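Working through the structure, step by step
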Amino acid sequence: MTALLDVAGVTKRFGGLVAVKDVSFALEAGEITGILGPNGAGKTTLFNLLTGFMATDRGIVRFEGRALADLPPHRIVNLGLARTFQLCRPFRGMSVLENASVGCLAPRVRHEGSVTARAQRILEQVGLADKAATLVDVLPYGDLRRLEIARALATRPKLLLLDEPFAGLGSNEIGPLSALIRKLHAEEGLTILIIEHKLREFMQLVRRVIAMDFGEVIAIGPPQEIVRHPRVVEAYIGRTEAPLGLA
Amino acid sequence: MLNILVYGAVTSAIYAMLAVGFTLIFGVARILNLSHGAFYGLGAYAAYVMTGLLHWPLPLAAVVAVGFVAAFGAAMERLLVRPLRSSPLAVLMITLAVALIFEQGMFLLFGSEARNVPAFVTETCACAGLDISGQRLLTLGAGMVVLALLYVFIQKTRLGSAILAISQDPEGAQYMGIPANRIYSVVMGLSAAIAALAGVLTAPFLTVQPTMDLLPMVKAFAIVIVGGLGSIPGSILAALLLGYSETVVSYGISPAWTEIVSLIAVLLTLILRPAGLLGKRAAF
Amino acid sequence: MRRLNKDVVGAVAVLVLLAMAPLVVRSDYFSGILTVSVIYAIWAASWDFMSGLTGRENFGHALFIGAGAYTAAFLNSKLDLSPWWGLPAGALVAVAFSLVVGFPTLRLRGPYFALAMLAAATIMQRLTRIFWQYTGGEEGIPGLDPLFESHLATYYFCLAALVLASVLLLFLARSSWGTILRAIRGDEAACQAAGINVTFYKIAALMISAAVAGAGGALYADYQEAVTPDVFAVSLSITLIIMVYVGGMGTIWGPVGGAILLAMLPELLRGLGEYRLWVYSVVLIFILFYSPGGLVAPLWRWLTRPSS
């Protein structure tokens, strides 16, 4: 069975700095996988490379068997690979419903019926239906997160890349968001790849973890193993960040 | 051949003075100053007023003109630009408004005919079989001196280091106690001064009229795009390239075609290498 | 829907006013001012459609206006074609110009597009002076045939053109086109992440904007029965931007109101004619500091706000 996403030897340097080094892994359809690593590990850069926002220096990315080299981001989205951003990027000056509608206007899903109706349904899925007419400029951060996901969902992706979805959320917002992600995975059959750098909730959400440090993949395995993996532990000791604390 | 060498150098020096100020304020303060050409024009008009109407001696008029425009630039930053910094579009529009006010102001005060500003150096220099006006040579020399002084200023003085810091990381520099806002005013004044100097020097042999701010702006744009927005070495390099290309075209084909040179240069840059020759680097 | 009804009523009222005006004040001079104001409104609306919606400012809109005007002039004066050909031809040539400048620059982030448009318009102005054998240089091309013999008929035709252009642009702006363009203004990267081909929409918007502006330029050449290099002037481009600012950026109808107001204002206040650009600059500065949303659109919205 061809993997949904096949990443082979992807490398990216910025001047003298190698941000992503020879990263390889594969995702099967229907998985929820996580990418774990301290700040600066190259996780967001990897997302940018996978989604066409940056060009790889070396390596091949295949989505459903098709090489993604040099495709612009919007074409990749229309193949079924969507992403959210680490810092929420809503369309300011527009309402929540309009924000979700933009995703519904992607060529991939453009002709699937009334844009407003579909956008409304997506908002219901992520729990923002009651705020449809609100301007995004006044939305609290947790809702902006959901909107990010809604906009990506609107393009009916097969693979959804979430970049630190729990960042900046209060402890009472993390649970509901995690439940939402689980629901989307179950209901839509979405394959999901999540970046986080430390979170208990995250470890309970994903089936498999790809651990990164300094741009390289240092381990791949189920969460319980990764937490105890010597190189992963080493990556966190000696840093000023708190360790995973999940033993 | 020598003609081209010297005239090309003069043109390049003028362009460099125009472009450097423009790219300086953009590289440091991210202000796209559409009134930069107005600084050039103000310098020329100020020189005209002082020599033609007040009958001051030329050197004094020049210094005062440059100083006046520098102060004007700094004041403009402080009063008009700073309050609007939160919206880059508003900043753009306000510099536009200033440019408009300059053009209209000069038109209303002095009418649309060209005005005369006496030259500093009236003799022509017949050197190496070449007749070239002393004023043009002075412009070339002054341009080189100004650029050299600017380099020394940025690299060797405290204020220069502060400017460097702000251009690379405005927030970080502020955490270090560098007063970003004051620096912006200073840089604006500096940028205006260089443009005004170019205006004062070239006024004797180029036209002084209300619409004079336009062409320098277009040239400055072209140079800054070709050289790379925000890069001073890039601007100097592009000024040389464009100055010489125009001179060669002017001698080889016809003076009428010089406009096309900048047009083609800009288009080529945008298509082939949008960041410019030395763009995407720190301003210095 | 009540909001829409109020707006429609307002628009019809203004249209009726404009249509009646030259019949009430019977003066050739006055109907001339009206005609020019209406043409400015067409230009302002076309600018707003692209730059107002996407937030990518175009500082050289006069490029398209001049392209349309000179095309109409060439066709009529050099090729002896009926002036009616000038309208579609002017629009087409303007669109061609928009591709030449827009294609390399709209792909890029940063101020390249704004600068390139400014440079292009200025260079075209210089070129018309340089190649004076073809373009008539500073004097331009005089003696064009008008569309209609009567000035009044020309005015009504321009008014109809304004209505047509406004309806078209408003329709597009209210459709999913408008949503996408406004999203581009909001955040281009996020737009791409939503699967939208941002560059395509920007260029398409520019082409539409250019077509309308070019047709307006042809109308202008027709009304003046002549064309001069002033039609490429930076001051024209800037005047339009100020009109859009006064009207309210991104609304399409706001700029129409702003244009008519600003175009008529200095003429009506006698003696201000020469100081026009100064007045505009001062108005612009005032708006930037105190009313960034413009004057016309916010005023109308305030006047027609639902009574609480």
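Cut-offs and rules
Residues numbered from 1 in each chain as written. Chains lettered and ligands numbered in written order. Predicted model: local features only at pLDDT ≥ 70, side-chain atom pairs only at ≥ 80, totals over all residues. Helix = DSSP H or I, 4+ residues; strand = E, 2+ residues; numbered from the N terminus. Rg over C-alpha atoms; globule rule 2.2 N^0.38 Å. Buried ≥ 20, exposed ≤ 12 C-beta atoms within 10 Å, placed from the backbone. Contact = placed C-beta atoms within 7 Å. Nonpolar A, V, L, I, M, F, W, Y, C, P; charged D, E, K, R; others polar. Core = buried A, V, L, I, M, F, W, Y, C linked by C-beta atoms within 7 Å. Axes fitted to C-alpha atoms, helices over the stretch in contact; angles between N-to-C directions. Parallel < 35°, antiparallel > 145°, perpendicular 65-115°, else oblique. Left-handed = near helix turned anticlockwise from the far one by under 90°. Pairing = 2+ DSSP bridges. Expected span 1.5 Å × (residues − 1). pLDDT = per-residue confidence, 0-100. Right-handed = clockwise from strand over helix to strand, strands pointing away.

1. A word on the overall build of chain C
For chain C, the count of helices and strands is 14 helices and 0 strands. Element order for chain C, N to C, with α for helix and β for strand: α-α-α-α-α-α-α-α-α-α-α-α-α-α. Relative to the compact-globule value of 19 Å for 308 residues, chain C shows a C-alpha radius of gyration of 19 Å, a close match. Along the three orthogonal principal directions, the C-alpha set of chain C runs to about 55 × 50 × 35 Å. Across the 308 residues of chain C, 57% fall into the buried class.

2. Brief notes about the overall build of chain A
On a plain count of helices and strands, chain A comes out with 9 helices and 10 strands. For 247 residues, the compact-globule estimate of 2.2 N^0.38 gives 18 Å, and the C-alpha radius of gyration of chain A, at 18 Å, lies within 12% of that figure. Projecting the C-alpha coordinates of chain A onto the three principal axes gives extents of approximately 50 × 40 × 35 Å. A buried classification covers 45% of the 247 residues belonging to chain A. Restricting the contact set of chain A to residue pairs at least 6 apart, pairs at least 24 apart contribute 65%.

3. Notes on the interface of chain B and chain C
Each partner contributes residues to the interface: chain B has 27 residues there, and chain C has 26 residues. Of all the elements in the fold, those that place two or more residues in the side of chain B that touches chain C are α4 (88-110), α9 (214-227) and α11 (258-272) of chain B. When residues in the side of chain B that touches chain C are grouped by element, the largest group, 10 residues, is from α4 of chain B. Split by residue class, the side of chain B that touches chain C holds 25 nonpolar, 1 polar and 1 charged.

4. A short note on the interface of chain C and chain A
Contacts between chain C and chain A engage 17 residues on the former and 22 residues on the latter. Contributions of two or more residues to the side of chain C that touches chain A are made by α8 (176-186) and α9 (188-193) of chain C. In terms of residue count, α8 of chain C provides more of the side of chain C that touches chain A than any other element does, 6 residues in total. Of the residues belonging to the side of chain C that touches chain A, the class tally is 9 nonpolar, 6 polar and 2 charged.

5. Some details on the nonpolar core
Residues Ala19, Ala47, Val69 and Ala196 of chain B together with Ala44 of chain C are the most contacted members of the largest nonpolar core, which totals 281 residues. If near-sequence neighbours (up to four positions away) are discounted, alanine 44 of chain C is found in contact with Leu240, Met243, Val244, Gly247, Pro255, Val256, Gly258 and Ala259 of chain C.

6. Considerations on the packing of α11 of chain B against helix α5 (residues 112-130) of chain C
Interaxial distance between α11 of chain B and α5 of chain C falls to 10 Å at its minimum, and their mutual angle equals 155°. Classified by the angle their axes make, α11 of chain B and α5 of chain C are roughly antiparallel. In this structure, α11 of chain B crosses over α5 of chain C, and the sense of that crossing is left-handed. Where α11 of chain B abuts α5 of chain C, its residues Glu259, Leu263, Val266 and Leu270 of chain B lie against Tyr112, Ala116, Ala119, Ile123, Arg126, Leu127 and Ile130 of chain C. Residue classes in the contact of α11 of chain B with α5 of chain C are distributed as 9 nonpolar, no polar and 2 charged.

7. With respect to the pairing of strand β10 (residues 216-221) of chain A
The sheet contact formed by strand β9 (residues 208-213) of chain A and β10 of chain A spans 5 bridges and is antiparallel. Bridge pairing in β10 of chain A places valine 209 of chain A opposite glycine 221 of chain A.

8. Some words on the environment of proline 38 of chain A
Inspection of the secondary structure assignment puts proline 38 of chain A in the loop between β3 (32-36) and α1 (43-50). Each C-alpha atom, one on proline 38 of chain A and one on isoleucine 220 of chain A, is 15 Å from the other, the two residues being 182 residues apart in sequence.

9. Topic: helix α10 (residues 198-224) of chain C
Helix length check: α10 of chain C (27 residues) gives 39 Å between terminal C-alpha atoms against 39 Å at 1.5 Å per residue, within 8%. Glutamate 225 of chain C occupies a position one or two residues after α10 of chain C and carries a positive phi of about 55°.

10. Concerning the packing of helix α5 (residues 134-156) of chain B against helix α8 (residues 180-202) of chain B
Residues and elements named next belong to chain B. The N-to-C vectors of α5 and α8 enclose an angle of 165°; their axes lie 10 Å apart at closest approach. Classified by the angle between their axes, α5 and α8 sit roughly antiparallel to one another. Every pair of crossing elements has a handedness; the one defined by α5 and α8 is right-handed. Of the residues in α8, those touching α5 at Leu138, Thr139, Ala142 and Val146 are Ile194, Leu197, Leu201 and Thr202. Classifying every residue of the contact of α5 with α8 by side-chain character gives 6 nonpolar, 2 polar and no charged.

11. Let's talk about unusual backbone geometry
One non-glycine residue, arginine 156 of chain A, lies in the positive phi region at around 45°. According to the C-beta neighbour criterion, arginine 156 of chain A is buried, with 20 such atoms within 10 Å. Positive phi, close to 55°, is recorded for glutamate 225 of chain C, a residue that is not glycine. Its place among the elements puts glutamate 225 of chain C in the loop between α10 and α11 (234-247).

12. Overview of the confidence of the model for chain C
In the predicted model, chain C carries a mean pLDDT of 89, and 97% of its residues have values of at least 70. Interface confidence for the predicted complex, given as ipTM, is 0.88, next to a pTM of 0.86.

13. Some details on the sheet that holds strand β2 (residues 17-27) of chain A
Residue and element names in this part refer to chain A. Overall, antiparallel pairing links the 4 strands, which are arranged β2-β1-β4-β5 in an open sheet. The two strands at the open ends of the sheet, each matched to only one other strand, are β2 and β5 (66-67). With 2 bridges joining them, strand β4 (residues 58-63) and β5 adopt antiparallel strand pairing. Opposite phenylalanine 63, over in β5, you have arginine 66 as the bridge partner. Against the sheet, α1 contacts β1 (5-14), β2 and β4, and its axis sits at roughly 65° relative to β2.

14. Regarding the pairing of strand β8 (residues 191-196) of chain A
Residues and elements named next belong to chain A. The buried count for β8 comes to 6 of 6 residues, which makes it a mostly enclosed element. Examined bridge by bridge, β3 and β8 share 5 bridges and lie parallel to one another. In the strand pairing of β8, leucine 36 is matched with glutamate 196. As paired elements, strand β7 (residues 159-163) and β8 share 5 bridges and run parallel to each other. Note that in β8 the partner of leucine 162 across the bridge is isoleucine 194. Following the backbone out of β7, through helix α6 (residues 171-188) and into the adjacent parallel β8, one traces a crossover that is right-handed.

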